[in-house]
Amino acid sequence: MSKIQDFKMYINGEWVDSSSGKKIETLNPENNEVWATVPEANEKDVDKAVQSAQKAFDNNWSKIHPRERAKYLKLIADQLRANAEHLGKIETIDTGKLYRETKTQANYIAEYYDYFAGLADKVEGTVVPIDKPDMQVTTTRIPIGVVAAIIPWNSQMLLTAVKLAPALAMGNTVVIKASELAPVTLLEFAKLIEKTGIPKGVINIITGLGEPCGKALTTHSLVERIAFTGGPETAKHIVKNSAENLSQVSLELGGKSPVVVFNDAEQENALNGITAGIFGASGQSCIAGSRLYLQSKIYDEFLRKLINKAEKIKLGGPMEKDTQMGPLNSFKQLENIEKNIKDTIKQGGKVKCGGKRSSVSNKGYYFPATIIECENHNLPVAENELFGPILSVMKFEKEEEVIEKMNDNKYGLSSGVYTSNFARGLRVSKAIRAGIVFINTYRLISPMAPFGGIKDSGYGKEAGIESIKEYTRIKTTWYNSSEKPMTDPFTMG
Ligand code: NAD
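Residues take numbers from 1 onward in each chain, read along the sequence in its written order. Whole-chain, interface and lining totals are the exception, using all residues; otherwise, since this is a predicted model, local features are given only for residues with pLDDT of at least 70 and side-chain atom pairs are given and counted only at 80 or more. As a rule here, side-chain values come from all non-hydrogen atoms in the structure, and water together with hydrogens is ignored.

A. Spotlight on the sheet that holds strand S13 (residues 258-261). The pairing criterion for strands is at least two bridges between them, as found by DSSP. Numbering goes from the N terminus for both helices and strands, where a helix is a DSSP run of H or I of at least four residues and a strand is a run of E of at least two. Taking strand neighbours across the sheet as the criterion, the seven strands line up as S15-S16-S17-S14-S13-S19-S20 in an open arrangement whose pairing is mixed. Of all the strands in the sheet, the pair left with one neighbour each is strand S15 (350-353) and strand S20 (438-439). Note: strand S19 (residues 416-418) against S20, two bridges, orientation parallel. What sits directly across from valine 417, in S20, is isoleucine 439. Contact criterion: two residues are considered in contact whenever any of their non-hydrogen atoms come within 4.5 Å of each other. Axis angles are defined between N-to-C directions and span 0 to 180 degrees, where every axis is a line fitted to C-alpha atoms and, for a helix, only to the segment in contact. Strands in contact with helix H13 (residues 399-407) are S13, strand S14 (291-295), strand S17 (390-396) and S19; relative to S14, the strand with the most contacts, it is inclined by about 175 degrees.

B. Fine view of the sheet that holds strand S1 (residues 5-6). Here three strands make up an open sheet; going across it, the order is S1-S5-S4 and the pairing mixed. Each of the sheet's edge strands pairs with one partner strand only, and the pair in question is S1 and strand S4 (23-28). Note: S4 against strand S5 (residues 33-39), six bridges, orientation antiparallel. Residue pairing across strands places isoleucine 24 opposite valine 38, the latter belonging to S5. In this fold helix H3 (residues 84-95) packs onto S4 and S5, with an angle of close to 95 degrees to the strand it touches most, S4.

C. Spotlight on the pairing of strand S7 (residues 135-143). Examined bridge by bridge, strand S6 (residues 126-128) and S7 share three bridges and lie antiparallel to one another. Across the sheet, valine 128 pairs through a bridge with valine 137, a residue of S7. As consecutive antiparallel partners, S6 and S7 are separated by six residues, and within that stretch aspartate 134 has a phi angle of approximately 65 degrees, a positive value.

D. Focus on the environment of proline 450. Note that proline 450 resides in the loop between S20 and strand S21 (454-455). Throughout this description, buried means an accessible area under 20% of the type-specific maximum (1.4 Å probe, protein chains only), exposed means over 50%, and partly exposed covers the range between. Its relative accessible area of 49% is what places proline 450 among the partly exposed residues. Once the C-alpha coordinates of proline 450 and glycine 435 are considered, the two residues, 15 residues apart in sequence, prove to be 8.9 Å apart. Look past the residues within four positions of proline 450 in its chain and what remains in contact with it is Lys461, Glu462, Ala463 and Gly464.

E. Layout of the environment of serine 52. Among the structural elements, serine 52 can be located in helix H1 (residues 43-61). Separated by 122 residues in sequence, serine 52 and valine 174 have C-alpha atoms that sit 9.7 Å apart. Those residues within four positions of serine 52 in sequence are excluded, and the remaining contacts are Ile11, Asn12, Gly201 and Asn204.

F. Focus on the layout of surface pockets. Put simply, the largest pocket is a space of about 1200 Å³. The way it works is a 1 Å grid over only the protein atoms, where trapped points that fit a 1.4 Å probe form a cavity and open points with protein on both sides within 12 Å along at least five of seven lines form a pocket, and then any residue with an atom within 4 Å of a point lines it. What lines the largest pocket is a set of 39 residues, and nearest its centre among them are Leu181, Gly230, Gly231, Thr234 and Lys332. Top element by residues in the lining of the largest pocket is helix H8 (residues 232-245). It accounts for six residues. Throughout, the ten residues Ala, Val, Leu, Ile, Met, Phe, Trp, Tyr, Cys and Pro are labelled nonpolar, Asp, Glu, Lys and Arg are labelled charged, and all others, Gly among them, are labelled polar. Classifying every residue of the lining of the largest pocket gives 15 nonpolar, 15 polar and nine charged. Summarising the domain contributions, the lining of the largest pocket has at least three residues from each of domain 1 (5-253 + 457-477) and domain 2 (258-439). Size it by volume and the second largest pocket reaches roughly 610 Å³. In terms of lining residues, the second largest pocket is bounded by 28 residues, among which Glu101, Ala276, Gly280, Ala281 and Arg443 are the most central. The set of elements that each furnish at least two residues to the lining of the second largest pocket consists of helix H4 (99-119), helix H5 (156-169) and helix H9 (267-279). Grid points are joined across faces, edges and corners, and a volume is the space filled by probe spheres set on the points. An automatic or database domain assignment provides the domain bounds reported here.

G. Structural view of the packing of H9 against helix H10 (residues 299-311). Where H9 meets H10, the closest approach of the two axes is 11 Å, and the angle between their N-to-C directions is 50 degrees. For the element pair H9 / H10, the angle class is oblique. Where H9 crosses over H10, the handedness of that crossing is right-handed. For the pair H9 and H10, contact is made by Gln267, Glu268, Ala270, Leu271, Asn272, Ile274, Thr275 and Phe279 and by Glu301, Phe302, Lys305, Leu306, Lys309 and Ala310, respectively. A class-by-class count of the residues in the contact of H9 with H10 yields seven nonpolar, three polar and four charged. Reported orientations rely on four angle classes, namely roughly parallel under 35 degrees, roughly antiparallel over 145, roughly perpendicular from 65 to 115, and oblique for the rest. Crossings are sorted by hand: turned counterclockwise from the far helix by less than a right angle, the near helix makes the crossing left-handed, and turned clockwise it makes it right-handed.

H. Region of interest: the nonpolar core. Residues grouped as a nonpolar core are buried Ala, Val, Leu, Ile, Met, Phe, Trp, Tyr and Cys residues, joined through side-chain atoms within 4.5 Å. Among the nonpolar cores identified, the biggest contains 59 residues, and Leu80, Tyr113, Leu168, Ile176, Phe189, Ile203 and Ile205 are the most heavily contacted of them. When residues of this core are assigned to their parent elements, the largest contribution, 10 residues, is made by H5. Ignoring anything within four residues of it in the chain, the contact list for isoleucine 176 reads Ala149, Ile151, Thr160, Leu164, Leu186, Ile203, Asn204, Ile205 and Ile206. In terms of nonpolar packing, the next biggest core, distinct from the first, is built from 35 residues, Leu271, Ile298, Tyr418 and Tyr442 among them.

I. Just the side chain of serine 247, in detail. By the secondary structure assignment, serine 247 is in the loop between H8 and strand S12 (248-252). Under the relative-accessibility criterion, serine 247 is labelled buried at 9%. Here a polar contact is recorded for every N or O atom pair within 3.5 Å, except that within protein the pair must consist of a potential hydrogen donor and a potential acceptor, and residues adjacent in sequence are included only if both atoms are side-chain atoms. A distance of 2.8 Å separates the side chain of serine 247 from the side chain of asparagine 245, its partner in a polar contact. In contact with serine 247, not counting residues within four places along its chain, are Val223, Glu224, Arg225, Ile226 and Ser242.

J. Spotlight on empty space enclosed by the protein. Taken as a whole, this structure holds four cavities of 30 Å³ or more when the rule is applied. Here the largest cavity is characterised by a volume of approximately 70 Å³. In terms of lining, the largest cavity is formed by 13 residues, of which the most central are Ala288, Ser290, Glu385, Leu386 and Phe387. Within the lining of the largest cavity, the residues separate by chemical class into six nonpolar, five polar and two charged. Volume-wise, the second largest cavity comes out at about 40 Å³. In terms of lining, the second largest cavity is formed by Lys256, Pro258, Arg291, Met406, Asn407, Tyr411, Gly412, Ser414, Ile432, Arg433, Ala434 and Lys455. Elements with a contribution of two residues or more to the lining of the second largest cavity: H13 and strand S18 (411-412). Split into classes, the residues belonging to the lining of the second largest cavity amount to five nonpolar, three polar and four charged.

Structure below.
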């Protein structure tokens, strides 16, 4: 076994261990072996990071011109492009995600920093058409303060970029908490941040457990804004924590995204889109299209073709070039998937392919592409977010019926519609209660396209032009242009 690597946290521009000296071990999901250790931050370390962010906010970052801040964002983008392969490799070792995806993602994430760098000097205030003589009232957008960014283990470079880039552009300073399940990529990212020469304390990256580290961060009295991505149960803690410091919260949570294929859909395109949506990244994506509704006329033929495709997916080591699906990130996920499948079979669900732990390796957490036919979409696999390559398939007859079914779930993150009838695509996409709808495509992201859900999938959009305003507050200023002194101080004018 190769030597275990030891990483440090990045607080106030310095590389530090936790004050307790405690460490967290992180596993390589490919072989279930510890490959690195990171500091386990406690309340004291969190306080140090937040204090340094507050100091950087007060002394420097909130006061410099947005264009100056934008320069650093562009430098981060340059660093990401130059080091995409290295970051991709680290992310693959730590998460089990395919290298061919992590290295291209690290490169593409640079676009987010460039995008928000471009927006930095374009956020303007207003002059209010005020209803009082001799008064001029303006609004300006001001930075909020210290932002706590809580990141899950998957797609961490993207989920960091959509918080960090707009927060910095608008003059906030940031403390990022990496996930304990895969903390190393963000510590490697911190090395790139250091290279940009950004002032100390503007960005701090810490590693620790949900409690005490995440809790200490999200309850800290100096934190003014929490940007959270993760599961819905953790989100409930976050909202409760925010009652301690009354900070503004945004939540990007899970999903159980429905996809519909109508009789008239272009089948090859739909088959590929569905495969990307649920088997890409081994289904460990918050927008995974995990509930599939097929119209009755094409049901048998389409399902057969889909099974055929799923059975051919090559499982293997995530660094291998020809691997299409790597391991799951954790044993907990594997166990949860197995439990849901078992319960579904008991209630009548039929496994059409996959369904059992793979024998590709007896060390990692490998699970094959799985398709389960469900007569009713309230069966466990069709209702719960599984964060794995498990597709539940249901039959439907009519458009109104499928719309009702697609909306019959507590989540509302993403959705997909496959049809060659433009009018139907428009009708159905409007009727679906979800933050994102893909029509005749799936699993795309862009810095320009707002991302986020409704219902139990959370609130607050990330990416896109509006999202930058989520890192500002409006300040209202009244200017009196009258020469006359105020006369009656006891009435409100
Ligand atoms: P998780 O909720 O277990 O953990 C997310 C983060 O919260 C981690 O950093 C964790 O340490 C921290 N945390 C845990 N308890 C905390 C507490 N009490 N206070 C503060 N922080 C705490 O999520 P995960 O397993 O890492 O990620 C998977 C989940 O994330 C899935 O539900 C997935 O759908 C969701 N997700 C959503 C999006 C999106 O954009 N909507 C994107 C990716 C993942």
